[in-house]
Amino acid sequence: MKNSVLKSILFLAVLFFASNSVSAQKSNQKSVIKTTLNCDHCKECETCGLKFKTEMLKINGVKMYELDDKKMTFTVYYNPKKTDLQTIKMAISKLGYDADEVKADPKAYENLDGCCKA
């Protein structure tokens, strides 16, 4: 009897955690944002790459991002309950890069390394 109660409790606990992880996965969104890169090494650049890494992950709700320098895109995974796509685009703009229709912030663009400017 004691074993069956423990098995039932264990089963319910596993079911609870499984349902929570599925609902957490559904709450994340993926968006691909077109950008403009003027060099072929921005994500490895000591200045720009470090900025991408630190600033993108500072945005509340951004889980991870990928920069594809060949396709010139940011793929961003984020929680739409904590942030929205426009906030992410503005953050990319403040790094000195275009983000779809949001143009790069001129001051931030001027602070980029010379190789990263057109």
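Quick caveat: nothing in here was measured; it's all calculated off a predicted structure. (Residues numbered from 1 in each chain as written. Predicted model: local features only at pLDDT ≥ 70, side-chain atom pairs only at ≥ 80, totals over all residues. Heavy atoms only, no water.)

Q: Tell me about the sheet that holds strand 3 (residues 73-78), residues and numbers included.
A: With antiparallel pairing, the three strands of this open sheet are ordered in space as 1-3-2. Edge positions in the sheet fall to strand 1 (29-34) and strand 2 (62-68), since each has one partner strand and no second. Adjacent strand axes in the sheet meet at a mean angle of 15 degrees, parallel and antiparallel pairs treated alike. One ladder, built from six bridges, connects strand 2 with strand 3; its direction is antiparallel. The partner of Met64 across the bridge, within strand 3, is Tyr77. This element, helix 2 (residues 48-58), spans strand 2 and strand 3 of the sheet and lies at about 145 degrees to strand 2. Strands in contact with helix 3 (residues 85-94) are strand 1, strand 2 and strand 3; relative to strand 1, the strand with the most contacts, it is inclined by about 40 degrees. (Pairing = 2+ DSSP bridges. Helix = DSSP H or I, 4+ residues; strand = E, 2+ residues; numbered from the N terminus. Axes fitted to C-alpha atoms, helices over the stretch in contact; angles between N-to-C directions. Contact = heavy atoms within 4.5 Å.)

Q: Report on unusual backbone geometry, specifying residues and quantitative values.
A: Note on backbone geometry: most residues besides glycine have negative phi, and most peptide bonds are trans. Positive phi, close to 55 degrees, is recorded for Met72, a residue that is not glycine. Under the relative-accessibility criterion, Met72 is labelled partly exposed at 28%. Of note, Asp100 is a non-glycine position whose phi angle comes to about 55 degrees, a positive value. Residue position: Asp100 is located in the loop between helix 3 and helix 4 (106-110). (Buried < 20%, exposed > 50% of the residue type's maximum accessible area, 1.4 Å probe, protein only.)

Q: Hey, could you go over the packing of aromatic side chains for me, with residue numbers and the actual values?
A: Per the stated rule, a full pass over the model turns up one aromatic pair. Ring geometry for Tyr65 and Phe74: centres 6.4 Å apart, planes at 50 degrees, overall tilted. In terms of burial, Tyr65 and Phe74 fall into one category: buried. (Phe/Tyr/Trp six-rings, centres within 6.5 Å; stacked < 30°, edge-to-face > 60°.)

Q: Describe the nonpolar core, and please don't skip the residues or the numbers.
A: Counting residues in each nonpolar core, the largest one holds 20 residues, and the members touching the most others are Phe52, Met56, Phe74, Val76, Ile88, Ile92 and Tyr97. For Ile88, the residues in contact, after removing those within four places along its chain, are Ile33, Met56, Ile59, Val62, Val76, Tyr78 and Thr83. (Core = buried A, V, L, I, M, F, W, Y, C linked by side-chain atoms within 4.5 Å.)

Q: Any details on helix 3? Residues and values, ideally.
A: Spacing of three or four residues puts side chains on the same side of an α-helix, whose turn is 3.6 residues. Within the sequence span of helix 3, burial applies to Ile88, Lys89, Ile92 and Ser93. For helix 3, the angular spread of buried residues about the axis comes to 145 degrees, placing them on one side. Structurally, helix 3 contributes buried residues whose contacts are with strand 1, helix 2, strand 2, strand 3 and helix 4. Phi turns positive one or two residues past the end of helix 3, at Gly96, with a value near 105 degrees. (Arc of directions from axis to C-beta.)

Q: Lay out the pattern of salt bridges in plain terms, naming residues and giving numbers.
A: Using the criterion set out here, one finds three salt bridges in the structure. Salt-bridge contacts for Glu55 lead to Lys58; the nearest nitrogen and oxygen are separated by 3.2 Å. Taken together, the positions of Glu55 and Lys58, both in helix 2 and three residues apart, correspond to about one turn of that helix. Taking relative accessible area as the criterion, Glu55 reaches 34% and is therefore assigned partly exposed. A salt bridge links Lys89 to Glu101; the nearest nitrogen and oxygen atoms lie 3.2 Å apart. (Salt bridge = Lys/Arg side-chain N within 4 Å of Asp/Glu carboxyl O.)

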